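# Analysis of the macromolecular model
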Amino acid sequence: MTQDVEMKDHQTPSHSVSSAVPSNLQHLKEIASLIETGSYTKEVRRIVRAVRLTFGLRRKLTASLLSAFLDFALQPGSEAHAKLSSFLPKEDGHDMEVDTATSAAQTPAKHLLPELEIYCYLLVLLFLIDQKKYNEAKACSTASINRLKSLNRRTLDVLASRLYFYYSYSYELTGDLAEIRGNLLALHRIATLHHDELGQETLLNLLLRNYLHYNLYDQAEKLRSKAPRFEAHSNQQFCRYLFYLGKIRTIQLEYTDAKESLLQAARKAPVAARGFRIQCNKWAILVRLLLGEIPERTTFMQKGMEKALRPYFELTNAVRIGDLELFRTVAEKFASTFSTDKTHNLIVRLRHNVIRTGLRNISISYSRISLADVAEKLRLNSETPVADAESIVAKAIRDGAIDATLDHANGWMVSKETGDIYSSNEPQIAFHSRIAFCLNMHNEAVRALRYPPNTHKEKESAEKRRERQQQEQELAKHIAEEDDDDF
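Residues numbered from 1 in each chain as written. Predicted model: local features only at pLDDT ≥ 70, side-chain atom pairs only at ≥ 80, totals over all residues. Heavy atoms only, no water.

## Some points on the overall build of the protein
Looking only at helices and strands, the protein features 23 helices and 3 strands. Of the roughly 28,100 Å² of accessible surface on the protein, a fraction of 52% belongs to carbon and sulfur atoms. (Helix = DSSP H or I, 4+ residues; strand = E, 2+ residues; numbered from the N terminus. Areas by Shrake-Rupley, 256 points an atom, 1.4 Å probe, with all protein chains shown as cover.)

Structure (structure tokens):
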């Protein structure tokens, strides 16, 4: 009797383990069947849905669960099964026995589809990255890419694009991003030859990220300008492309185009992608400051972004006031933050804008002021402040930043009387830019519309056609009777 009781006590934890793991295992099996169906019917949307469901299970992946799923999806003893199993750590033997027993009991048949094999690579790669085993993740991603090179199936495009991303991400985490640049270029060429537009989109963004990571902006622009263009298939990839394009345009001093790209990327990005939206807003704020604009306060008060955008808020305040000393203080205070964001070079460019803003405030406040006082108010710390102030004022007048004249003989800056802004073309230009923005947004919304496939090819059945004809005849008879009554 005592032995029976002891056996029951030992059996209870095994039941709890087996009841917990098969639920997740069953989800993975359903996803595998979805991929299998999508592969046979050539429906890519099913595979897209399978990938979306997988990321919902990402936090629940364990070594024992993946081992059980590999036994289900791949032939035990096969090359793919042996390779993927080698990346998984060996856990407690009791858990492994329960998982393999349940998988063997529920799975009499094996699947040999390439889509399922690549999906297994993706699962193992996600698990290794989440476990911070980056060297094993590098080896797994390299093996998956080598396997992908030998396949050419359109149903693999969605899974391949995710593998490309994590392939680059695993090398970035280990600081070896430069090693795979040639391989990424080769993969982009293969995707172009295979007409894999989603793969081209993903690989182009990965290459741009690779170049920008090492500040190779000229090479990034050459690649971007010569890469084939097509309609965006993924909103996430399009947002990334706009962000990288905005960074390239900013470095190349094309601030107007950079502002449009960065604001569009921030607007199109999902709400959940807070980190990406923060980066877009940081660069957009600096670009707007370089254009002479002052961002609205609401830009810095967005939910979840106040702390991250605080250095840029103080910087904007210094630029708005035109206080060069305050600008230097803020730049030194948050130097580490600007260096981490790789925006330090843009902060250096802003110094000229701070001086110009301060000079504009002086020209509005004073009808005539000496150049020595201008240098003192701008806090120009140089050996020849008056000469520097004279050159700064002359350049500002030439660029049209201020409406004034220089009296070189007396050393004065004489401001002209400010006229009515509504008598100029500035209101018309402002309205034109707003109308153009609204029209562009409308055109993008129309282009983004999606329609159910094959709606124009659907044919009505004989019963529906008979019913429709009968309704039309009754309606015609009813109309004829009404006409007779009228006469």
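## Side note on the nonpolar core
Soluble globular proteins tend to pack their nonpolar side chains together in the buried interior. Membership of the largest hydrophobic core comes to 123 residues, with the highest contact counts inside it found for Phe 69, Leu 84 and Phe 327. Per-element tally for this core: the top contributor is helix 6 (residues 114–130), with 13 residues. When sequence neighbours within four positions are dropped, the list of residues in contact with Leu 84 reads Leu 70, Leu 74, Cys 120, Tyr 121, Val 124 and Cys 140. (Core = buried A, V, L, I, M, F, W, Y, C linked by side-chain atoms within 4.5 Å. Buried < 20%, exposed > 50% of the residue type's maximum accessible area, 1.4 Å probe, protein only. Contact = heavy atoms within 4.5 Å.)

## Concerning the packing of helix 7 (residues 134–149) against helix 8 (residues 157–173)
Following both chains from N to C, one finds helix 7 and helix 8 inclined at 145 degrees, their axes separated by 9 Å at the closest point. Here the hand of the crossing between helix 7 and helix 8 comes out left-handed. Residue-level inspection shows Tyr 134, Ala 137, Lys 138, Ser 141, Thr 142, Ser 144, Ile 145 and Leu 148 of helix 7 in contact with helix 8, the latter providing Ala 160, Leu 163, Tyr 164, Tyr 167, Ser 170, Tyr 171 and Leu 173. When the residues that make up the contact of helix 7 with helix 8 are grouped by side-chain class, the tally is 10 nonpolar, 4 polar and 1 charged. (Axes fitted to C-alpha atoms, helices over the stretch in contact; angles between N-to-C directions. Left-handed = near helix turned anticlockwise from the far one by under 90°. Nonpolar A, V, L, I, M, F, W, Y, C, P; charged D, E, K, R; others polar.)

## So, the sheet that holds strand 3 (residues 412–415)
The strand order across the open sheet formed by 3 strands is 1-3-2, and the pairing between neighbours is antiparallel. Both edges of this open sheet fall to strand 1 (368–370) and strand 2 (404–407), since each of them pairs with a single strand only. With direction set aside, neighbouring strand axes in the sheet form an average angle of 20 degrees. Inspection of the sheet shows strand 1 paired to strand 3 by 3 bridges, in the antiparallel sense. (Pairing = 2+ DSSP bridges.)

## Points about the pattern of salt bridges
Within the structure shown, the criterion is met by 17 salt bridges. Where Glu 117 meets Arg 147, a salt bridge forms, and the shortest distance between an N and an O atom there is 2.8 Å. Of this pair, Glu 117 sits in helix 6 while Arg 147 is found in helix 7, placing the two residues 30 residues apart along the sequence. Using a relative accessible area of 12% as the deciding quantity, one classes Glu 117 as buried. (Salt bridge = Lys/Arg side-chain N within 4 Å of Asp/Glu carboxyl O.)

## Focus on the packing of aromatic side chains
Throughout the structure, instances matching the rule amount to 11 aromatic pairs. Ring centres of Phe 243 and Tyr 244 lie 5.9 Å apart, and the angle between their planes is 45 degrees; on these two criteria the pair is classed as tilted. Given the relative accessible area of 6%, Tyr 244 is considered buried. Here the aromatic rings of Tyr 312 and Phe 338 are separated by 5.3 Å at their centres, their planes lie at 70 degrees, and the arrangement is edge-to-face. Pair noted here: Tyr 312 is in helix 16 (residues 310–321) and Phe 338 is in helix 18 (residues 335–340), with a separation of 26 residues, a long-range link. (Phe/Tyr/Trp six-rings, centres within 6.5 Å; stacked < 30°, edge-to-face > 60°.)

## A look at helix 6
Helix length check: helix 6, at 17 residues, gives a terminal C-alpha distance of 25 Å against a target of 24 Å (1.5 Å per residue), a fit within 8%. Taking burial as the measure, the 17 residues of helix 6 include 16 buried ones, the bulk of the element. Immediately beyond the C-terminal end of helix 6, within one or two residues, lies Lys 132, with a positive phi of roughly 60 degrees. (Expected span 1.5 Å × (residues − 1).)

## Considering a nonpolar patch on the surface
Together, Phe 431, Ile 435 and Leu 439 make up a nonpolar patch on the protein surface, roughly 330 Å² of accessible area in all. For Leu 439, the position within the fold is in helix 22 (residues 426–447). (Patch = residues over 30% accessible without salt bridge, like charges linked within 9 Å, V, L, I, M, F, W, Y side chains within 5 Å.)

## Let's talk about the confidence of the model for the protein
Of the residues in the protein, 85% have a pLDDT of 70 or more, and the chain-wide mean is 78. Segment residues 1–22 is flagged for pLDDT under 50; beyond a separation of four residues in sequence, or across chains, it makes 7 contacts in the model. The model gives residues 482–487 a pLDDT under 50, and that stretch makes 0 contacts with residues more than four places away or in other chains. (pLDDT = per-residue confidence, 0-100.)

## Quick look at the packing of helix 8 against helix 10 (residues 197–213)
Helix 10 packs onto helix 8 with a crossing angle of 10 degrees between their chain directions and a minimal axis gap of 8 Å. Regarding the angle of helix 8 to helix 10, the classification is roughly parallel. When you trace helix 8 past helix 10, the crossing you get is right-handed. Side by side, helix 8 and helix 10 meet where Asp 157, Val 158, Ser 161, Tyr 164, Phe 165, Ser 168 and Glu 172 of the first sit next to Leu 198, Gly 199, Thr 202, Leu 203, Leu 206 and Arg 209 of the second. Per-class residue counts for the contact of helix 8 with helix 10 are 6 nonpolar, 4 polar and 3 charged. (Parallel < 35°, antiparallel > 145°, perpendicular 65-115°, else oblique.)

## Describing the pairing of strand 2
Summarising the sheet, strand 2 and strand 3 pair through 4 bridges and their orientation is antiparallel. The partner of Thr 405 across the bridge, within strand 3, is Val 414. Connecting the antiparallel pair strand 2 and strand 3 is a turn made up of 4 residues, with Gly 411 showing a positive phi of about 70 degrees.

## A short note on the side chain of Asn 281
Looking at where Asn 281 falls in the secondary structure, it is placed in helix 14 (residues 274–290). Here Gln 302 takes part through its side chain, which lies 3.4 Å from a polar atom of the side chain of Asn 281. Those residues in contact with Asn 281 that sit more than four places away from it in its chain are Ala 266, Thr 299, Gln 302, Met 305 and Leu 309. (Polar contact = N/O pair within 3.5 Å; in protein donor to acceptor, adjacent residues only side chain to side chain.)

## Considerations on the state of the cysteines
Enumeration over the complete set of coordinates arrives at 0 disulfides. A disulfide-free cysteine, Cys 239 has its sulfur positioned 7.5 Å from the sulfur of Cys 280, the nearest such atom. (Disulfide = S-S within 2.5 Å.)

## Overview of the environment of Tyr 366
Following the sequence through the fold, Tyr 366 ends up in the loop between helix 19 (344–365) and strand 1. Considered as a pair, Tyr 366 and Ser 415 are 49 residues apart in the sequence and their alpha carbons are 7.0 Å apart. Setting aside anything within four residues of it in sequence, one finds Tyr 366 in contact with Lys 377 and Ser 415.

## Details of unusual backbone geometry
A negative phi angle characterises most non-glycine residues, just as the trans form characterises most peptide bonds. Despite not being glycine, Lys 132 shows a phi value in the positive range, around 60 degrees. Position of Lys 132 among the secondary structure elements: in the loop between helix 6 and helix 7. The backbone of His 195 shows a phi angle near 60 degrees, a positive value even though the residue is not glycine. Assignment of secondary structure puts His 195 in the loop between helix 9 (181–193) and helix 10. Since its relative accessible area comes to 63%, His 195 is described here as exposed.

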